[in-house]
Amino acid sequence: MSTTYSNVKRKITTILTIFSVMVLCVALIPLRVHASTATLTLSDNTGTPATAANGTFTAYKVIDDRSITTDFADFFNNNATYGSYKFNGNEILNSAATIITGVQTDVTNSTEAAKLAVQLERYAAAKNLTGVTFANNQAELSKGMWVVVETTSNGQTWTDNDGYQHTRIASRPMLVNMGDTAKTITLKDSSTSLRKTINDNNVPVKTNDVAIGGTVNYNVESAIPMYEYNAQTRLAANALLFQIDDIFSAGLDYQFTTGQPASGVTVTVGGVAVAASKYTVAFDENARKLSIKFNNDWIIENQGQNVKVSYSAKLNSDAVANDTTGNTNTATLTFTQNPNTPNDTATLSDSTKTFTYKFKIHKIDRYNSTADMTGVEFTLYTDENCTDVLKINGVDAKLTVGTGNMSNELAGLDEGTYYMKETVLKSASYSDIGVVKVIVTAEKTAGNQPTGKATIAMQSAPTGSDIEEGSTVSTTNTYGLVLKVANTKGLNIPEAGAFSAILIMLAGALLVVGGLYIMGKGNKGEQK
């Protein structure tokens, strides 16, 4: 019995030892624990982490491991509204039974995957689903397939070295398979741009100067954004918007054939004219607003293309002169920011200025500054022989002296050289001033563009004439240019002054009388 007991005891001991070793071995084997979440990082298209300025993003979970989430169950039920996609437990297939992506592999940026992402975004928006929303560049997401969409677009803007205004378009939706490790995906960004310039002798400028009646030629350049594929299937109510508006100031008149606002607009892409049927043009005369709206289909066909819109305006008699405010007109681009969010639009604006100049004359009698000089008239010419009268908006350029011996303001001059003469004298007793050269010089920026200020100079003006205002650059916005033009009655008197001149004349008269007297006396002596 003792032997049997011993045998049993040994067996039990052996079994316990083996069991203990097994437990120890199991304990030494490291257990693989699945992380509950992993970090998703968003980067922009330069590799820099996105920031809150890029907008707000929402991640919607589509596949949980190998099962469709409740939120997207109807999406994969052969739903024709959203592309008739199916899930077989391992892959997502389209309506043609083509495998789009697996649930265990990284999603590529293939066209078909991009289409799927867009349809998932549309479905989530239509069903008002709740996802994981984050306003920075990172989110903690659990294992499975997610679609990441930009739900609020802040539209970052910037200006490049060529003066183009840029803004971001909402990122296109992206698919990502999250596992146990962190992942980074690059935002599928696009952008558009706007630059308005004046075509000044084939040079693009932001400011210029012209005479009233002169034409200002404008170019507005932009870029059609890149939208996702489903923009082609937008309903008319949600059509893509790409529209350029330009509001002209009171001093600028849009040039077009009456009743045909489109006649004043030319649109080109890559230097090739775009058919007028691809856009509509309207002009609101009361608001002075020109609108060019592009058709939805044309926008889709020309995504990523640069477009140029050209039109002209004429400077009219309401133009602001000698003022840095200038005659401004502003082009505004309004465009669809996110095609899957109704009425999600953004704008870019850019302006140009056109300047013109004016001056007036203070007419005086050189020796009697209070003498009435009303009625004196001056005319400006374009040539030094004074044969070609300067026309401003079709009217002869004249200055007529009135109250206070000041003339009217002659407004609407371009920078340049003019020739002036007195065409109506105060009276026949006043001498002619001859031809006076008048030089209007615009103040320029370092980039040789006018600022709206100008200086004025005279050459060959009568003695006593001067620049009363405008000989130095003004620091104020409004800027007067005044010429003081002097002349005298009768003979051109020497420089000695009025009193000395009179004495000289009297002395001369006495000499003449004395000479006549002596001659008379001589004649009488001879007669005797």
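About the cut-offs
Residues numbered from 1 in each chain as written. Predicted model: local features only at pLDDT ≥ 70, side-chain atom pairs only at ≥ 80, totals over all residues. Heavy atoms only, no water. Helix = DSSP H or I, 4+ residues; strand = E, 2+ residues; numbered from the N terminus. Buried < 20%, exposed > 50% of the residue type's maximum accessible area, 1.4 Å probe, protein only. Areas by Shrake-Rupley, 256 points an atom, 1.4 Å probe, with all protein chains shown as cover. Phe/Tyr/Trp six-rings, centres within 6.5 Å; stacked < 30°, edge-to-face > 60°. Lys NZ or Arg CZ within 6 Å of the ring centre and 35° of its normal. Pairing = 2+ DSSP bridges. Axes fitted to C-alpha atoms, helices over the stretch in contact; angles between N-to-C directions. Core = buried A, V, L, I, M, F, W, Y, C linked by side-chain atoms within 4.5 Å. pLDDT = per-residue confidence, 0-100. Contact = heavy atoms within 4.5 Å. Salt bridge = Lys/Arg side-chain N within 4 Å of Asp/Glu carboxyl O. Polar contact = N/O pair within 3.5 Å; in protein donor to acceptor, adjacent residues only side chain to side chain. Expected span 1.5 Å × (residues − 1).

This brings us to the overall build of the protein chain. Secondary structure summary: the protein chain contains four helices and 37 strands in total. Expressed as a percentage of the 528 residues in the protein chain, the buried residues total 43%. Within the structure as shown, the protein chain displays about 27,100 Å² of accessible surface, and the carbon and sulfur contribution to it stands at 52%.

A word on the packing of aromatic side chains. Evaluation of the coordinates by the stated rule reveals 20 aromatic pairs. For the pair F76 and F87, a centre-to-centre distance of 6.3 Å together with 55° between the ring planes defines the contact as tilted. On the criterion of sequence distance, the pair formed by F76 in the loop between β3 (67-68) and β4 (86-87) and F87 in strand β4 is long-range, its members being eleven residues apart. You'll find F76 and F87 in the same group, each marked buried. Each member of the aromatic cluster is reached from another via a ring pair, and the members are F72, F75, F76, Y82, Y85, F87 and Y123. Cation over ring: K196 sits above Y218, and NZ or CZ is 4.2 Å from the ring centre.

Further remarks concern the sheet that holds strand β33 (residues 416-424). Read from one edge of the open sheet, five strands run β31-β28-β33-β34-β35, paired in antiparallel fashion. Both outer strands of the open sheet, β31 (398-400) and β35 (450-459), are each paired with one neighbouring strand and no more. The average undirected angle you get between the axes of adjacent strands in this sheet is 25°. Direction of pairing for strand β34 (residues 436-444) relative to β35: antiparallel, over a ladder of seven bridges. In the strand pairing of β35, T441 is matched with T455.

Before going further, it helps to examine unusual backbone geometry. Unusually for a residue other than glycine, S84 sits at a positive phi of about 55°. By the secondary structure assignment, S84 is in the loop between β3 and β4. Among the residues examined, S84 registers a relative accessible area of 14% and is labelled buried.

Right, let's get into the environment of T81. Within the element layout of this structure, T81 appears in the loop between β3 and β4. C-alpha of T81 to C-alpha of Y123: the two residues are 42 residues apart in sequence and 9.0 Å apart in space.

With 71 residues, the main nonpolar core has V265, F294, Y311, F359, L380 and L483 as its most contacted residues. At five residues, strand β24 (residues 306-315) tops the list of elements feeding residues into this core.

So, about the sheet that holds strand β37 (residues 482-487). Taken together, the four strands give an open sheet; going across it, the order is β32-β27-β37-β36, and neighbouring strands pair in mixed fashion. Only two strands of the sheet have a single partner each, and these edge strands are β32 (410-413) and β36 (466-469). Direction aside, neighbouring strands of the sheet carry axes that sit 35° apart on average. Here strand β27 (residues 357-365) runs beside β37; their pairing, made up of six bridges, is parallel. Looking at β37, one finds that I364 is bridged to A486.

Further remarks concern the confidence of the model for the protein chain. Of the residues in the protein chain, 77% reach a pLDDT of 70 or more, and the chain-wide mean stands at 81. The low-confidence segment residues 23-34 (pLDDT under 50) makes two contacts with residues lying over four places distant or belonging to another chain. pLDDT under 50 marks residues 472-478. Its contacts with residues more than four places away, or in other chains, come to 15 contacts.

Along the chain, the position of K293 falls in strand β23 (residues 289-294). Exposure remark for K293: the relative accessible area of 39% places this residue in the partly exposed category. Separated by 13 residues in the primary sequence, K293 and T280 place their C-alpha atoms 5.3 Å from one another. Aside from chain neighbours lying at most four places away, what touches K293 is L241, F242, Q243, Y279 and T280.

Counting buried residues in strand β17 (residues 215-223) gives seven out of nine residues, a clear majority hidden from the surface. Here β17 pairs with β24 via nine bridges, running antiparallel. Opposite E221, over in β24, you have K308 as the bridge partner.

Across all of its chains, the model carries twelve salt bridges by this definition. The partner of R288 in a salt bridge is D253, with the nearest N and O atoms 2.9 Å apart. Of the two residues, R288 sits in the loop between β22 (279-284) and β23 while D253 sits in strand β19 (residues 252-254), which places them 35 residues apart along the sequence. With a relative accessible area of 22%, R288 lands in the partly exposed category. Looking at D253, the relative accessible area reads 28%, which means it is partly exposed.

Within the fold, Q303 resides in the loop between α3 (296-301) and β24. Residue Q303 is classed as buried on the basis of its relative accessible area, which comes to 18%. One polar contact links the side chain of Q303 to the main-chain carbonyl oxygen of I300, over a distance of 3.3 Å. With residues up to four places along the chain from it excluded, the contact list for Q303 reads I224, P225, M226 and Y227.

Turning next to the environment of S191. Relative to the helices and strands, S191 is located in strand β14 (residues 188-200). Between the C-alpha atom of S191 and that of Q337, which follows or precedes it by 146 residues, the distance is 9.3 Å. In contact with S191, other than residues within four places in its own chain, are W158, T167, R168, I169 and P225.

In this model helix α2 (residues 111-126) runs 23 Å from its N-terminal to its C-terminal C-alpha over 16 residues, within 8% of the 22 Å that 1.5 Å per residue would give. Three or more residues of α2 are buried, namely A113, L116, A117, V118, Q119, L120, E121, Y123 and A124. At the exit of α2 stands N128, carrying a positive phi of roughly 55°.

Before going further, it helps to examine the side chain of T58. Mapped onto the elements of the fold, T58 is located in strand β2 (residues 56-64). Of the polar contacts made by the side chain of T58, one reaches the side chain of T133; its length is 3.1 Å. If near-sequence neighbours (up to four positions away) are discounted, T58 is found in contact with G131, V132, T133, V147, V148, V149 and T151.

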